[in-house]
Structure formats: structure tokens, C-alpha cells
Amino acid sequence: MIQQEIPGKPITVTINGKEYRANEGEILLSVAIREKIEIPHLCYEASLDPYGACRLCMVEVVRKGKREMATSCTLRAADGLEVLTDTPEIVKHRSILFELYLAEAPKSDVIRDMAARYGVTRTRFLKRIEQGDPLGNKCVLCGLCVRACSEIMGAGAINFINRGPYTVVNTPYYAPSRDCFGCGACVRVCPTNAIEMEDAGAERVMKSWSGTRVPLSPCECCGRYYAPRELSASVLARLDTPLKEEIARLCPECRGKHIAREEILAKHGGSAKHA
Amino acid sequence: MRIVSAADMEKVSRSGLRKIRPEKPRIAVGLATCGIAVGGMRVYDRIKEIIGEENPDIELARVGCIGYCREEPLVNITIPGKPLVILHRVTPGDAEEIVRAVEKGEVPVEKALCRIPLWDHITGCTQEYGAGFDGIPRYEDVPFFSHQKKVILRNSGLINPEQIDEYIAIGGYAAALKALSGMAPEAIIDEVEKSGLRGRGGAGFPTGLKWRIARNAEGDRKFVICNADEGDPGAYMNRNEMESDPHMVLEGMLIGAYAIGVSEGLIYIRAEYPLAIRRLQTAIGQAREYGLLGKDIFGTGFSFDIGIATGAGAFVCGESTALVASIEGRTGRPHPRPPRLTDPGGGLFGYPTDLNNVESWCNIPVIISKGSEWYAGIGAKGNSGTKVFSLVGKVDRVGLVEVPLGTSLNTIVFTIGNGGAGNKKVKAVQTGGPSGGCIPARLFDTPVDYESLNRIGSIMGSGGIVVMDEDTDMVDIARYFINFAASESCGKCVPCREGLKHTLLILNKILAKKATKKDLEILSDLTETIVATSLCGLGQTAPNPVLTTLAYFRDEYDALVNP
Ligand SMILES: Cc1cc2nc3c(=O)[nH]c(=O)nc-3n(C[C@H](O)[C@H](O)[C@H](O)COP(=O)(O)O)c2cc1C
Ligand code: SF4
Ligand code: SF4
Ligand code: FES
Ligand code: FES
């Protein structure tokens, strides 16, 4: 369920001793991102409900002189809220979490660079390297791909399989998915670039998702395959624009040229549909 | 027939009483899962074979379990005018002798565990069975029972859990009648609040307060749920409560639903408890027949019904948010709170929901019946009432033990449990299941209450007490519990999913004598981080067995590691 965010009344929060303006009820992590205060995070995405799985975004909340750890992606801004992002306590636990990530996703450059930025360059834990891992030993199970697929796209093609340390993400029974639109939303949200996707001729291959193949439609002008067929149909059904026809038939490049031509035609006495 | 008045109740009660204490002798076999497992059913069948289907002289009945696991199978004999006698360790071979004795108005004395001349069912009548059989020890002189106080288990093993009349005969549903027809919902919540009852599912949250929050929550539809997931290894209190006295759970939920203002209830129970599920279903069916569930209960206009949802028995599904996800048909993975279940949007299908443990619900009828003052008089300050513990492991007297909160571990393990099995020295206990801590014997004067257990690194949990003796290897125990927690982790958050895996790998390395002092440091750093950063209670408490064994049994670790 994606909750509608109604901006709350303006308030002031204190981060690392400095005051910032925020809206009441706003996610603290998004305030920090806006204000360019660095808090590491892997599983947060503004368009999805708070999830709280990666635990990297933990901060200390100061309340009545006492400090308590909380994930900033689930913490809501309230007037007078005071948090600290780099206390010795946070640094200590965050470092161990980075060590765990380095062991879990040893092939991920993103994780390696992120950990290094926080001073963690090696792990004391046994690295997990699995031959033939469809996610290239880069997945940190942040769940963003699963949630984007079901909550944003409504496809539900991928999910978690097993539990505990055996958890992985893939299609049910590792079978090519019939629900996958091939939209690539998962690829775009993945923080560790773990998901592999490739366009091969008239098909898009979701290499990480059990070799799922999705047919593409060709551009009527240049003949290049440019968009998943199923997806275009379902997206178009929801679209209401005079450009509908161009979108359905032409790839973005040809669409641009086509529109420009119509524009010129219109100026010189021809007719243009999309006035 | 529908019960709408005290007079109706009285009528049913009389019929029930005739079943509990018929005019002829009654032989009742303890048939909860535990009794069945050690041959109770065979004893029952053999007795039935001997006396025949319909015996005009002897009544044969099934009852629940009184909780003395070591002495099972247990058989109760009631001969009119004589004390109730409990026979123990009964085999099918004893059946003949039992029947012959009963026919003569006697009992086989050498098989007798104890006699009960008088039993206080607390919510209703005091059963005066009668005098005689002086050669058999009295119930209160049996060391296993003498320090117990049976409030929750007051009917367990004495009534037939599949006969609603018997429950009503000993005062059942009288509290519900009193509450629904004579008390305002707020007054009930006040009463529960004043009783000091705290949640028996582990966290000890004040039950009355939770009800008040749920009552005041915005929502045109709300739910009450009974948490019967009971996933701790070695814990089976809830199972016995449901198998031996299921109507007590239903009555508690009925009163709670009325107080909160809810018409829909659910019991979330693990599929591994088939007998409990069946008895609950039977009980729900009977309660509906009498109009104690359904529309217009007691003619008050209040309607409430209960459904059963079975879970696949994942430990994490006992956690409130995972439990709700599981009922909704989603994967049982916790989500961050708030929103809490009682918040709008946070509960079942998004509706405000009150979740309580089986035993929390069981406490309600007696609180309403006897009043909060009576209840608050039991136990310790801030920790009122009794708690049922399953005392298992390397202890002499294994069984279900009900004592007032604040009773010391010494009393439970030594006075009631008689110390180590086979005269071994007791070394430690683990309270609170896999999320609890190992408490060394030198701290056994600790009173068992929520705060005292926390102070020494353990938790109350749902009430499992596992005893370890001098032969137990504490590092191995820590590994056992970590292995359990790691494989039950839902896999959502990294400290629990990855952290527990590496904790297990390090413990394996230590036990294989391949670890160094450095590994112990990593172990203690890692477990501290798991506690501090995990999303839900599973991860936050899972390292307790390691942390406490490191604190109290450091020498055992040191002996295994290389410098
Ligand atoms: C991992 C985990 C497992 C749990 N298992 C149970 C359980 O089996 N039964 C239970 O009543 N509570 C269990 N709980 C506690 C519940 O989340 C919740 O606090 C409880 O059911 C509330 O009821 P109460 O207030 O009556 O105790 C568990 C909690 C966690 C974190
Ligand atoms: S594949 Fe990427 S987005 Fe999906 S769970 Fe793994 S890390 Fe997260
Ligand atoms: S602590 Fe463990 S069980 Fe709880 S959410 Fe995290 S991974 Fe799941
Ligand atoms: S961003 Fe907060 S837990 Fe992942
Ligand atoms: S013998 Fe029944 S609970 Fe132990």
C-alpha cells in the first residue's frame, strides 16, 4: 500500500546540532538527502513505503537527554526532533554492517566504494561467493526490485525465495516469468547494479530472472525494436495524450523527428494533430 | 439451546456437574497431546474394552492434562463421596486392575499419585469430592504441586475440554455474563488495568492499556487476535491451555472483544498443533450453539465470533506484524513499527487490531470473576498474577509449573523440579526460549519477573525454562540456539540474516578448536551489533544465549580457543 503523502505543517528538526526546515511527518532520511547530509542507505526509495531492511540509515535520536537508535527511513519528522548521524555508537555498528555487506556481496563495486567512504575497506567475515549466481554475487537483498515490480508496476514477477541466510530473489521456481513486463524497473532501482538485462533482436532477456524473455515491438519508422510489447499496450491504455499514436508506433528517436517534421509542416500551412 | 440468563446458565451447569461427578464412579484419562504421546490413548481404549461401550456402573471420560509430564499417563478416578484420586504412569496392563478396584469402590493405591478431597475452581464452585483414602498422599503434599498456584491451570486435567457443560459447571462463562450484561466496556478495561496483567507473549506490555488504545483507535472495523503461534523450542504452555481448557481462551476473547468494541476475532495457531485446533473448533461450535458466540450474545445485542487461522509454524510468524502478514496471505516478514497493530492502517487488513497471547486471554475470566484486587494480590509488585512455565531439559521433575510471578528460580528448579535428573548438578537454566539467556546456578535466587530477568541478560519470553546440568557444554548450547534463530530468521534485515549466519560460523570454529582470541572479540562485537540494529524482536534478542554464556561461562570459551 503506497500511502498518500500530505505535506504536514512546517517544523524544525535538528540534525548534528544544526537546525533544518521540514514538513511534519516527512521521512527524516529524505530531509537529510535534501539537505545533503550523508546517511548511507540501500533500501530507501521515495516512491515506496518505508521498508527498513538494510539498517544502514540508523541514526541516534536524542530524547530527554537519552539516545536511542532508529532507522532514519522510518523516522518521521516532528517539531523539535533531534538526531545525530555519526556518533561513536553509530559508527561502530555501521562498520560491522558494512563488513557484513562486503561478505554478502563481495563482487559489488557499489558496496565496496560505499563502505570505503565510511572507512571500511575489509571484512573479517567469510565472503560468500557462489558460482553462477544470477545476481553476480552483488545482491544485498534490499528488496527494492521486488517492491518496484509489485508495488509500482503491479507485475509481481519476482519475489523472495527461502528465508534466513538462504534468502534469494528470483522468479517463482526459477522458471521464466510470464508476469514480467520487461520494463526494467527492477534494474533501475537496484542499488548494486546486480540485475542483468539485455535486448537481443526482437526480445528483451532478463538474464538474472531465470532467462525470462519479453517480446519487443519494432519502430514503424526505423524498424528498431524499442519497447516491450505487453508493457506498451498496458501503459498506453492508461495514457491520455494526443501523442498516443506516435508513442505506440515510433521509438523515442523517430518520435522526436516525426514531431519536429509535423511542427514545420504546421508552420508552413500543413496540419498538425497535436496543436 | 441459547443461554441468555443466569437461570439458563444454571441449568447447563447442573448438567455439566453430573458429567464431572456422575452418580457412578468415573474414570477419566488425561488425553492432551502429551498424554497421548506416552500411551494415554491405549490406556483409554483398553479400559473401554474392559468395561464395554455403555457401562451402567462406570463412566469413562477424557480430560486434559494436569501438567506433570514426568508421571504421564495420568488417570483420574472419582468415586462418589470419595476424594478424586490421580493415578500415574498408568499402562494398558494396569487397566484390568483399575477397573476391578473401581467396581468395588476402591482405587489401586500403589498406582496413586495423590488424592484431592477438595478443589477450588476459583471462578465457580469449590468441588467437595469427599473424604477417605487416607493412605494416599494429599495433592498439596506432592512436592511437584505443593509450591504451585494453579489459577490458569485450575481446570486442566479435571474437566473434559470437549464438553462446554463441564466448563460452565465450574463457573465458566459466568465472567462473560457478568461483563456483557452488567459492566460498561470502560469499566472492564479499568478492571484489567488495575489487575496489573501484563502480556504473557513475552514483552510484558500492560494488557489493559493495549485494550484501551485499541478501543480508542479510529476505525469502523477492528479485530482481536489470539497469538497461539508458540514457536519456542521446549515451550508448550499455550498448547496445554488450549487442549485442556479451550473455553477459557474463548471466554477471555469474548470479554476482551466486548471491552474493545470488536465483533471479529481470530486465533492464529500453528498447524503443528492439530489436537489444539480440533478442540478449539469443537469449543467454538459448542459456544455458538449456546449463543455464547455469534449474534446478540446473552440477548445484549453484542455480537462476536471467532475464526481460526493456521500458520505454517514459522517462529517469526509469532511476531505481531509478521503474524498479520501471514494471516493476510503474505510472506511472514516483520515490518518496522510504527504503525503498530493498534494504529489505523497497522492491523489486520489495515484495521486496528488487538493482539494478545493465549495465556493473556486465559487470565481475563478470572480477573473479571474475582476482581482486580484479588488478582493483583498474587505475585509481585508490577508483576501480578501467576505464570505457567514449561520446566524441561535435565531436570528431575519435568512438567508444567504454574507459580506466582516473582517466585525464585531456586524454588522452580530445586523445590518443584527437584534439581538435576539422575542426581546431576544443575549448572544453568535458559529462560525465554531461543531469545533468552543462560542463567548460571549462582544467580538462582533471582525472582522470575520481567525486570529481574532482563537485568541478568535474559527474558521472560513465553515461559520456557530449559535446565542444563554439569555435563552440558555451554558453547554448544549457544550454538544450538543460534542455529535455531538463524534458520528461523525471515531474511529481511542484514544483521539478523547475515549476522546470525556468521555468529554460527564463528561458534562452529570455536567448537572445532580452530578459533583464536581474536574470534571471541569478533563474536562479541558482532552480536552487540545484531542486538542494536535488527529490525524485529527475533534478531534483537537472538544473540542473548551467546552474550550470556560469554558473560557467565567465559572459561568454557577460553578453554576452546587458541591464544
Ligand atoms: C520472533 C518473535 C516470536 C514471537 N512469538 C510469539 C508467540 O509464539 N506467541 C506470542 O504470544 N507472542 C509471540 N511474540 C510476541 C508478539 O509479537 C506479541 O508481543 C504478543 O503476541 C502480544 O501479546 P501479549 O501482549 O498478550 O503478550 C513473538 C515475538 C517475536 C519477536
Ligand atoms: S537484486 Fe538489487 S534491488 Fe533486488 S534485492 Fe538484490 S540488491 Fe536489492
Ligand atoms: S530481525 Fe530477523 S526475523 Fe526480524 S525482520 Fe530482521 S531478518 Fe527478519
Ligand atoms: S534505508 Fe533505512 S533501513 Fe534501508
Ligand atoms: S504431561 Fe501434559 S503437559 Fe506435560
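Residues numbered from 1 in each chain as written. Chains lettered and ligands numbered in written order. Predicted model: local features only at pLDDT ≥ 70, side-chain atom pairs only at ≥ 80, totals over all residues. Heavy atoms only, no water.

Colleague: Now, about the pairing of strand E11 (residues 353-357) of chain B: what can you tell me, with residues and values included?
Modeller: All names here are of chain B. Across the five residues that make up E11, a large majority, five, are buried. Neither face of E11 is exposed, since Thr353, Leu355 and Asn357 on one face and Asp354 and Asn356 on the opposite face are all buried. Relative to E11, strand E8 (residues 223-228) is paired through five bridges, and the arrangement is parallel. Across the sheet, Val224 pairs through a bridge with Asp354, a residue of E11. (Buried < 20%, exposed > 50% of the residue type's maximum accessible area, 1.4 Å probe, protein only. Helix = DSSP H or I, 4+ residues; strand = E, 2+ residues; numbered from the N terminus. Pairing = 2+ DSSP bridges.)

Colleague: Just give me the short version of the pairing of strand E5 (residues 112-116) of chain B, but keep the residues and values in it.
Modeller: Two faces make up the sheet, and in a regular strand the side chains alternate between them. All names here are of chain B. Taking burial as the measure, the five residues of E5 include five buried ones, the bulk of the element. Here strand E4 (residues 84-87) pairs with E5 via four bridges, running antiparallel. By the bridge assignment, Leu84 is partnered in E5 with Ile116.

Colleague: Account for the domain arrangement of chain B, with residues named and values stated.
Modeller: Under the domain assignment used here, chain B contains domain 1 (22-142), domain 2 (173-374), domain 3 (385-469) and domain 4 (474-558). For domain 1 of chain B versus domain 4 of chain B, the distance between C-alpha centres works out to 47 Å. (Domains from an automatic or database assignment.)

Colleague: How would you explain the nonpolar core if you had to name every residue and give the values?
Modeller: The biggest cluster of nonpolar side chains holds 111 residues, and the ones touching the most others in it are Tyr173, Ile188 and Phe304 of chain B. A total of ten residues in this core trace back to one element, the largest contributor, which is helix H11 (residues 246-260) of chain B. Leaving out residues up to four positions away in the same chain, Phe304 of chain B has contacts with Val224, Met253, Leu254, Ala257, Val262, Ser263, Glu264, Gly265, Leu293, Gly294 and Ile297 of chain B. If you look at the next biggest cluster of nonpolar residues, it comprises 81 residues, including Cys142, Cys145 and Val189 of chain A together with Cys536 of chain B. (Core = buried A, V, L, I, M, F, W, Y, C linked by side-chain atoms within 4.5 Å. Contact = heavy atoms within 4.5 Å.)

Colleague: Pulling in residues and values, what's your account of the site of ligand 3?
Modeller: By nearness alone, 13 residues border ligand 3, and Cys490, Cys493, Cys496, Cys536 and Gly539 of chain B come closest of all. Partitioning the shell around ligand 3 into residue classes produces eight nonpolar, four polar and one charged. (Near = heavy atom within 4 Å. Nonpolar A, V, L, I, M, F, W, Y, C, P; charged D, E, K, R; others polar.)

Colleague: Pulling in residues and values, what's your account of the interface of chain B and chain A?
Modeller: Interface size is commonly expressed as the accessible surface area that is lost when the partners come together. Every contact between the two is made by 29 residues of chain B and, on the other side, 27 residues of chain A. Summing both partners gives a buried area of about 2,400 Å² for chain B against chain A, and 62% of it is carried by carbon and sulfur. Connecting chain B to chain A are four salt bridges. Of the charged contacts in the structure, one is a salt bridge between Glu528 of chain B and Lys92 of chain A, with a shortest N-O distance of 3.7 Å. The interface formed by chain B and chain A contains ten residue pairs in polar contact (both at pLDDT 80 or more). Those elements giving two or more residues to the side of chain B that touches chain A turn out to be helix H18 (474-488), helix H19 (494-511) and helix H20 (517-533) of chain B. Looking at the side of chain B that touches chain A, the element that brings in the most residues is H19 of chain B, giving nine residues. Looking at the side of chain B that touches chain A residue by residue, the class counts come to 13 nonpolar, eight polar and eight charged. (Buried area = accessible area lost by both parts, 1.4 Å probe. Salt bridge = Lys/Arg side-chain N within 4 Å of Asp/Glu carboxyl O. Polar contact = N/O pair within 3.5 Å; in protein donor to acceptor, adjacent residues only side chain to side chain.)

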